[in-house]
Amino acid sequence: MIKHRARALAAGAGFVVFWSCGFIGARWGTQYTSAFDLLAWRFLVAGAIGVALLAVRRPRISRRDLVTQVWMAFLTQFVYLGLIFVGIDHGIPAGITALIGSLQPILIATLAGPLLGERVSRRQWIGLGLGLTGVGLVVADDLSAGHASPVLFLVPIAGLFGLVAGTCLDRQRKPSTSALDALAVQSLVSAVFFTALAASTHRLTVPDQPGFYGAVLWLVLLATGGGWGLYLVNLRLSGATRVSSLLYLVPPTTMVFAFLLFHETIGLAAVLGMLVCAAAVLLIRIREPVRCGDGGTPVAEPDRGTGLARVHRGAARSEQPDRAATPTRRRNSAHVLRDSRPAVRGAGQPAADE
C-alpha cells in the first residue's frame, strides 16, 4: 500500500508540473504562428512517435477500447486543447486559461455521483470550494487587467466541457488499454484532426523561426508525453474527482514558470492563492483510498469481523477463516457427522418404542 501511495503522489506532482508546461508552450508557440498550425505540428511529431511505439509494442486493443480512445482524443485534445490554444492565441493570458481549466473539479464533482458512482464527501466539497477561492486569488490581477473581450472567455470555457466529458467517458468505460498505448493512439488521432483542420482553414505552414520548433518540442515532450501521459496514469490511480483537484495547483505553477521564463512578477495575492490551493488539494486527497495499478477498486483492509479478506475486483473472494475459530468449526463438523450417521443407518426403520 505504501508503494501505491508513493506512486500516486509522484504521478500527481509530475502531472501538475507537466500540465502547466502546456500553457507556457501555448504562449511560446503562438508568438510565431496560429493556434491550429502549432497544434498540427505538435501532434504530427507526437503522432509519429506514437506510430513508432505502437509498431514496437504491437498492443492488442479491442474495438471498444479503440473507439474510446478516438473519442478521448476528440474531446480532451481536439476540443479542449483546440479551444484553449485559440483563446491564448487571441490574447487571453495563460494564467486565466489555467484558471478556467481549474474549474473542472467543480464540474467533475457535480457529475461524478450520478455518472461515475464516485461519492463526493462534505470534506471534499469544502476543499473544492476552497480551491476555487485560491485560484481566484492567483489570477485576480489578470482578471482585472482586461486583456481580452469578456465574450472571448466563452471559447476556453467551451473547451473545458470537452475535458470534463472526456474524463467522465474514461472513468465510465474503464478501457483496459495501457496509458502509454492510449497516449500513442490519441496522439495519432489528434494529428489527423488538427492537420485536417489547419489545412482546411489554410493555417498549415512551415515556419522558419527556430523558436517555433523549440515550442513544438516543449509541447510534445513535456505537455503531451508528461502532462497527458500522467493524466491518464492518475485517472487509473485515483478517481476523477481527486485527479481533477490537482488542476487547482496548475494556475500557481503556471505563474511560477511565467516568472522564470518570461520575467512576470508574482504578487502577494498570488502567493496567498498558491497556499490556499495547496490546502484545498490536501483537504480533497487526504485519506484517499489507494487503487491498484490497473485502475480497479480501492485496495481495502481485511474485514476482521467476518474473517473474509476483501480482494481486488476481478479476483475471486477468498474465504480465509479466522485461526481462532478453526478448531471450534472442526469440532462442530465432527459432531454433526457423528450425529448424522445413526440417522443414515436407521433410515426407513421403525423406532424402538413403536
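Now for a look at the structure at hand.

1. Concerning the nonpolar core
- Ranked by size, the top nonpolar core spans 62 residues in total, and within it Phe 15, Trp 19, Phe 23, Tyr 80, Phe 85 and Trp 228 carry the most contacts.
- When residues of this core are assigned to their parent elements, the largest contribution, 12 residues, is made by helix α10 (residues 210–237).
- Apart from the residues within four sequence positions on either side, Trp 228 is in contact with Trp 19, Arg 42, Thr 76, Gln 77, Tyr 80, Leu 81, Leu 163, Leu 183 and Ala 223.
- Ile 92, Ile 100, Leu 152 and Leu 160 belong to the second largest nonpolar core, which has 9 residues in total.

2. Observations regarding the packing of helix α2 (residues 35–57) against helix α9 (residues 179–200)
- Direction vectors running N to C along α2 and α9 enclose 145°, while the axes themselves pass 7 Å from each other. Between α2 and α9 lies a crossing of left-handed hand.
- Residue composition of the contact of α2 with α9, grouped by class: 17 nonpolar, 5 polar and 3 charged.

3. A short note on the environment of Ala 215
- Residue position: Ala 215 is located in helix α10.
- Each C-alpha atom, one on Ala 215 and one on Gly 29, is 5.1 Å from the other, the two residues being 186 residues apart in sequence.
- If sequence neighbours within four positions are ignored, Ala 215 has contacts with Gly 25, Trp 28 and Gly 29.

4. Concerning the side chain of Thr 68
- Along the polypeptide, Thr 68 turns up in helix α3 (residues 63–89).
- Overall, the relative accessible area of 1% leaves Thr 68 in the buried class.
- Not counting the four nearest positions on each side in its chain, Thr 68 is found in contact with Leu 169, Arg 173 and Pro 175.

5. What to know about α2
- Compared with an ideal rise of 1.5 Å per residue, which puts 23 residues at 33 Å, α2 spans 32 Å between its outermost C-alpha atoms and is within 8% of the ideal.
- Of the residues making up α2, those classed as buried are Ala 35, Phe 36, Asp 37, Leu 38, Leu 39, Ala 40, Arg 42, Phe 43, Ala 46, Gly 47, Gly 50 and Leu 54.
- Looking at the buried residues of α2, the elements they touch are α1 (2–29), α3, α9 and α10.
- Positive backbone phi, approximately 50°, marks Arg 58, located one or two places after α2.

Each value, and the rule that gives it
Residues numbered from 1 in each chain as written. Predicted model: local features only at pLDDT ≥ 70, side-chain atom pairs only at ≥ 80, totals over all residues. Heavy atoms only, no water. Core = buried A, V, L, I, M, F, W, Y, C linked by side-chain atoms within 4.5 Å. Buried < 20%, exposed > 50% of the residue type's maximum accessible area, 1.4 Å probe, protein only. Helix = DSSP H or I, 4+ residues; strand = E, 2+ residues; numbered from the N terminus. Contact = heavy atoms within 4.5 Å. Axes fitted to C-alpha atoms, helices over the stretch in contact; angles between N-to-C directions. Left-handed = near helix turned anticlockwise from the far one by under 90°. Nonpolar A, V, L, I, M, F, W, Y, C, P; charged D, E, K, R; others polar. Expected span 1.5 Å × (residues − 1).

Shape descriptors only; they carry no functional weight alone.
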